[in-house]
Amino acid sequence: MQRRSLLKYLSMFTGTGVYSLSFSSLQAAIASQGKVEWGYKEENGPEVWGELSPDFNVCQAGQQQSPVDLQGAIPAKLPDLRLSYQECPLRIVNNGHTIQINTEPDNRITLDGQDFELLQFHFHYPSEHAIKGQRYLMEAHFVHRNKGGEFVVLGALMQKGKRNEALQLILESMPAIAGPEQTIAGVNVNMVQLLPVDQSAYQYFGSLTTPPCSELVRWIVFQQPIEVSQEQAEKFAKVFTSNARPLQPLNRRFLLESL
Ligand SMILES: [Zn+2]
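The rules we used
Residues numbered from 1 in each chain as written. Predicted model: local features only at pLDDT ≥ 70, side-chain atom pairs only at ≥ 80, totals over all residues. Heavy atoms only, no water. Helix = DSSP H or I, 4+ residues; strand = E, 2+ residues; numbered from the N terminus. Buried < 20%, exposed > 50% of the residue type's maximum accessible area, 1.4 Å probe, protein only. Contact = heavy atoms within 4.5 Å. Areas by Shrake-Rupley, 256 points an atom, 1.4 Å probe, with all protein chains shown as cover. pLDDT = per-residue confidence, 0-100. Donors = N, O, S within 2.8 Å, 3.2 Å for Na, K, Ca; no water. Salt bridge = Lys/Arg side-chain N within 4 Å of Asp/Glu carboxyl O.

Peer 1: Teacher, can you tell me more about the overall build of the protein chain here?
Peer 2: Scanning the protein chain for helices and strands turns up 6 helices and 16 strands. A burial count over the protein chain gives 51% of its 259 residues as buried. Contacts in the protein chain between residues at least 24 apart in sequence constitute 69% of all its contacts with a sequence separation of at least 6. Of the accessible surface of the protein chain, which amounts to about 12300 Å², a share of 50% is contributed by carbon and sulfur atoms.

Take a look at the structure:
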C-alpha cells in the first residue's frame, strides 16, 4: 500500500468532519430508538435491521460496518493508548440487548494525546469480531467518546479458560429481564480484569454493531483474548441466547495491526 494513502486514512481518525455529520444522525436515531423493536431474532434481527426504521438505513446501506473478520491486517505503529480506569460501582442494566455497566466520568483512555471518556461497557455472546475466521466465546466492548463526539470502542475477545472475577461479579448481579439501571450496593468492579495484559491490537474504522449502526467508531480490538469459564458464558447465554451481529465486509477499508 502507498504510504500516502495510509496516512490519509489515518488522518480520518483524527479529523472531525467525518464524525460531526454522523453524530447528529446518531443522536436523532437514539432519540427515536425506543419506538423500534430491534433484536436478534429472525423477524427483528441483523438481516432486517435496515428495514425496521429509516434511522437504521446505514445498517443495510453502509460500507464501513462492524464487526469484521480480522485478517490480512497491515502491520503499523498504532497510536499510543493509555488506560485510566478506576474500580467502579456496579451500575448494571439489562437493556434487552445486552448487559451493560454504566461507568463513572473519571474513567478514560488517552489515544494519541486525546482523552476519550468511558461511557459504558457490555458483552456479546458469541464474539462479534473474528480473528482469521474464528469467533470467540464472548466479547466485551468498552465504549468511549471524546468532547467532539468521536467514539473509540475497545474490544476484548474472551476464550474458554479460567473464571474471570470481574465478569463473575457482573453475572451474579445480572437482571434476567430488561429494566432500568440498578446500582448494586457495596459491589465494585475492576474493569482492568476484563482486558488483556498485552495491548497489541487490530485497529480499523467502523460502526456501532447495533442499530443505528452509525459509522463513527474507531475500533481497537486486542489480539490477546482474555479467559472466561464455560460456565460463565453459559450463564450469560441463558439471558442472551445470541447477541452478536454477523461479520460485515471490510470493503475498501484498511485494517491495521500492531507492529
Ligand atoms: Zn457491543
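Peer 1: How do you make sense of unusual backbone geometry when you look at a structure like this?
Peer 2: Residue S66 is joined to P67 through a cis peptide bond whose omega torsion reads 5°. Inspection of the secondary structure assignment puts P67 in the loop between α4 (57-61) and β1 (69-70). For the bond from P211 to P212, the omega torsion is 10°, close enough to zero to count as cis. Examined against the element boundaries, P212 turns out to sit in the loop between β13 (201-206) and β14 (217-222). Located in the positive-phi region is C213, a residue other than glycine, with phi close to 60°. Its place among the elements puts C213 in the loop between β13 and β14. For C213, a relative accessible area of 0% gives the class buried.

Peer 1: I'm lost on the confidence of the model for the protein chain in this one. Help?
Peer 2: Detailed reading of the predicted model is not advised wherever pLDDT is low. Here the protein chain averages 90 in pLDDT, while 86% of its residues score no lower than 70. Confidence over residues 7-21 falls short of pLDDT 50; this stretch has 24 contacts with residues more than four positions distant or in other chains.

Peer 1: Please clarify how the coordination of the zinc ion should be interpreted in this entry.
Peer 2: For a metal bound by four donors in a tetrahedral arrangement, the ideal donor-metal-donor angle is 109.5 degrees, while six donors in an octahedral arrangement ideally sit at 90 or 180 degrees. Coordination of the zinc ion by the protein is provided by H122 (NE2), H124 (NE2) and H141 (ND1), with metal-donor distances spanning 2.0 to 2.1 Å. Mapped onto the sequence, the donors of the zinc ion take the spacing H-x1-H-x16-H. Of this pair, H122 sits in strand β7 (residues 114-124) while H141 sits in strand β10 (residues 138-145), placing them 19 residues apart in sequence. According to the relative accessible area criterion, H141 is buried, its value standing at 1%.

Peer 1: Looking at this structure, how should I read the environment of G45?
Peer 2: On the secondary structure map, G45 appears in the loop between α2 (17-32) and α3 (49-52). Once you skip the residues sitting within four places of it in the chain, G45 turns out to touch G39 and Y40.

Peer 1: What's the story with the pattern of salt bridges in this structure? I'm lost.
Peer 2: Opposite charge on two side chains makes pairing possible when the charged atoms of those side chains draw close. Enumeration over the complete set of coordinates arrives at 4 salt bridges. K162 serves as the salt-bridge partner of E227, at 3.8 Å between the closest nitrogen and oxygen. Placement of E227 in strand β15 (residues 226-228) and of K162 in the loop between β11 (151-160) and α5 (165-173) is noted, with a sequence separation of 65 residues between them. In this structure, R163 engages E165 in a salt bridge whose closest nitrogen and oxygen atoms are separated by 3.3 Å. Of the residues examined, R163 reaches a relative accessible area of 44% and is grouped as partly exposed. Through salt bridges that share partners, R91, E104 and E181 make up one connected network.

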